[in-house]
Amino acid sequence: MKIKLYQQRWFPWVIALFFILSGNQLTYGQGYELKNAREITLLSVGAAGTTASILLRNKREPLRLDEIDNFNINDVFAFDRLSDGSYRKVSRIASDVLLHSSYALPLTLLAFDETRQDAGTLGVIFLQTIALNETLTGITKALVKRPRPYTYNQGAPEDVRTMRGNNFSFFSGHTSYTAAIAFFTAKTISDYVDNPTIRKLAWTGAFLWPAATGYFRYRAGKHFPTDVIVGYIVGASVGYLVPHLHKIQHTNISLDTGVSHTPLVRPLFRVTLML
């Protein structure tokens, strides 16, 4: 079977491996830590899920014209009827630009001393984030097989209505990917960097970037509103929760005065790549 990676976004994986391979510095206990059992579990689930996503989606053939000619927009949820099914190429291109440019967001972590010295750890966590997001997104698309809005539009060109992936509407992969990457970046900056202005900028970007991506996917006729909303929630949840699982929990003890508190331990850890 010929494997097509038409939906598999490979560039974030390169970024994650770059961080892992470049991270060999010691770091103080202000950010994240790795634990063997947890990391092996998350990476194994992500790898298996990503593989299943690729195989399942490659098995799904696009809907034929004779299958979609009788589609009726009134058969979808009332809220999703907001989509008129128009295929807008400019909006599709805009959503692609937003997705592809979001891949570079984690590179902004190299601008801060606090995150740059912990690059290896962040690379492992980012790899888990994109693998788990691909698992949830790709497998759901392959199993649900929801037709895209433009398939309901009989005025759209035949080559558009029958293009590959025309039954992968639920849920929006562009939105889930941009949300996962943007929220991962903002969460990491928030946990490492003390500057409140930088934190606000990071979170503002994290909320707006996937929202804009989802809007253009909707305008392009690629997704219904619920596809975009669910994609946003899934991606944002993965992008936030995976780093949060790795956050170091400090143990505080009272000194003799009973007033001051200080960390009991300032853990050090090193990320190494075992070959």
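Above this text sits the structure in question.
Asker: I keep staring at the overall build of the chain and nothing clicks. Help me out?
Answerer: Looking only at helices and strands, the chain features 10 helices and two strands. Each helix (α) and strand (β) of the chain, taken in turn from the N terminus, gives the series α-α-α-α-α-α-α-α-α-α-β-β. Taking all 275 residues of the chain together, the buried fraction comes to 47%. Contacts in the chain between residues far apart in sequence, at least 24 positions, make up 85% of those at least 6 positions apart. Summing over all exposed atoms, the chain offers an accessible surface of approximately 13700 Å²; the carbon and sulfur share of this is 62%.

Asker: Teacher, can you tell me more about the packing of aromatic side chains here?
Answerer: Any two aromatic rings considered together are summarised by their centre-to-centre distance and by the angle between their planes. Under the definition given, this model contains 14 aromatic pairs. Seen in terms of ring centroids, Y87 and Y150 are 5.9 Å apart; in terms of plane orientation they differ by 85°. Their pairing is edge-to-face. You can see Y87 sitting in the loop between α3 (65-68) and α4 (89-102) and its partner Y150 sitting in the loop between α6 (119-144) and α7 (158-161), a full 63 residues away along the chain. Judged by relative accessible area, Y150 falls into the buried class, the value being 0%. On the basis of an interplanar angle of 75° and a centroid distance of 5.9 Å, the ring pair of Y152 and F224 is categorised as edge-to-face. Within this pair, whereas Y152 is found in the loop between α6 and α7, its partner F224 is found in the loop between α9 (196-219) and α10 (225-245), the two being separated by 72 residues in sequence. Neither residue differs from the other here; Y152 and F224 are each classed as buried.

Asker: Hey, could you run me through the packing of α6 against helix α8 (residues 173-192) in this one?
Answerer: In the contact formed by α6 and α8, the axes pass within 10 Å of each other and the chain directions differ by 155°. With respect to α8, the element α6 is oriented roughly antiparallel. In the crossing of α6 with α8, the sense of the turn from one axis to the other is right-handed. The segment α6 lies against α8, with L122, I125, F126, T129, I130, N133, E134, T137 and K141 engaging G173, S176, Y177, A180, I181, F184, T188 and Y192. In terms of residue class, the contact of α6 with α8 is built from nine nonpolar, six polar and two charged.

Asker: I keep staring at the packing of α9 against α10 and nothing clicks. Help me out?
Answerer: A packed helix pair is summarised by two numbers, namely the angle formed by the two axes and the spacing between the axes. Orientation of α9 relative to α10, taken along the N-to-C sense of each, is 150°, at an axis distance of 10 Å. For the element pair α9 / α10, the angle class is roughly antiparallel. The chirality of how α9 crosses α10 is right-handed. Between α9, through W203, A206, F207, P210, A211, G214 and Y218, and α10, the contact on the second element is made entirely by P225, V228, Y232 and Y240. For the contact of α9 with α10, the per-class residue count stands at 10 nonpolar, one polar and no charged.

Asker: Looking at this structure, I do not really get the environment of F207. What am I missing?
Answerer: With respect to the helices and strands, F207 occurs in helix α9. Accessibility expressed as a relative area gives 45% for F207, which makes it partly exposed. Note: C-alpha distance between F207 and F183 (24 residues apart in sequence) is 7.7 Å. In contact with F207, not counting residues within four places along its chain, are F183 and Y232.

Asker: Help me understand unusual backbone geometry in this model?
Answerer: The bulk of non-glycine residues show a negative phi, and the bulk of peptide bonds are trans. For the bond from F170 to F171, the omega torsion is -5°, close enough to zero to count as cis. Along the chain, F171 turns up in the loop between α7 and α8. A positive phi angle is found at K145, which is not glycine, with a value near 55°. Within the element layout of this structure, K145 appears in the loop between α6 and α7. Residue K145 is classed as partly exposed on the basis of its relative accessible area of 41%.

Asker: Looking at this model, I keep getting lost on the pattern of salt bridges. Mind explaining?
Answerer: If charged atoms from side chains of opposite charge come close, those side chains can pair. Scanning the model with the defined rule gives 15 salt bridges in all. For R57, the salt bridge is made with E134, and the minimal N-O distance between the two is 2.3 Å. With R57 in helix α2 (residues 36-59) and E134 in helix α6, the pair connects residues that are 77 residues apart, well separated along the chain. Residue class for R57 comes out buried when judged on its relative accessible area of 3%. One salt-bridge network, held together by shared partners, links R64, D66 and E67.

Asker: Would you mind showing me how to read a nonpolar patch on the surface here?
Answerer: A contiguous nonpolar surface patch, about 390 Å² in accessible area, is contributed by F79, L82, I229 and I233. For F79, a relative accessible area of 44% translates into the label partly exposed.

Scoring rules and cut-offs
- Residues numbered from 1 in each chain as written.
- Predicted model: local features only at pLDDT ≥ 70, side-chain atom pairs only at ≥ 80, totals over all residues.
- Heavy atoms only, no water.
- Helix = DSSP H or I, 4+ residues; strand = E, 2+ residues; numbered from the N terminus.
- Buried < 20%, exposed > 50% of the residue type's maximum accessible area, 1.4 Å probe, protein only.
- Contact = heavy atoms within 4.5 Å.
- Areas by Shrake-Rupley, 256 points an atom, 1.4 Å probe, with all protein chains shown as cover.
- Phe/Tyr/Trp six-rings, centres within 6.5 Å; stacked < 30°, edge-to-face > 60°.
- Axes fitted to C-alpha atoms, helices over the stretch in contact; angles between N-to-C directions.
- Parallel < 35°, antiparallel > 145°, perpendicular 65-115°, else oblique.
- Left-handed = near helix turned anticlockwise from the far one by under 90°.
- Nonpolar A, V, L, I, M, F, W, Y, C, P; charged D, E, K, R; others polar.
- Salt bridge = Lys/Arg side-chain N within 4 Å of Asp/Glu carboxyl O.
- Patch = residues over 30% accessible without salt bridge, like charges linked within 9 Å, V, L, I, M, F, W, Y side chains within 5 Å.

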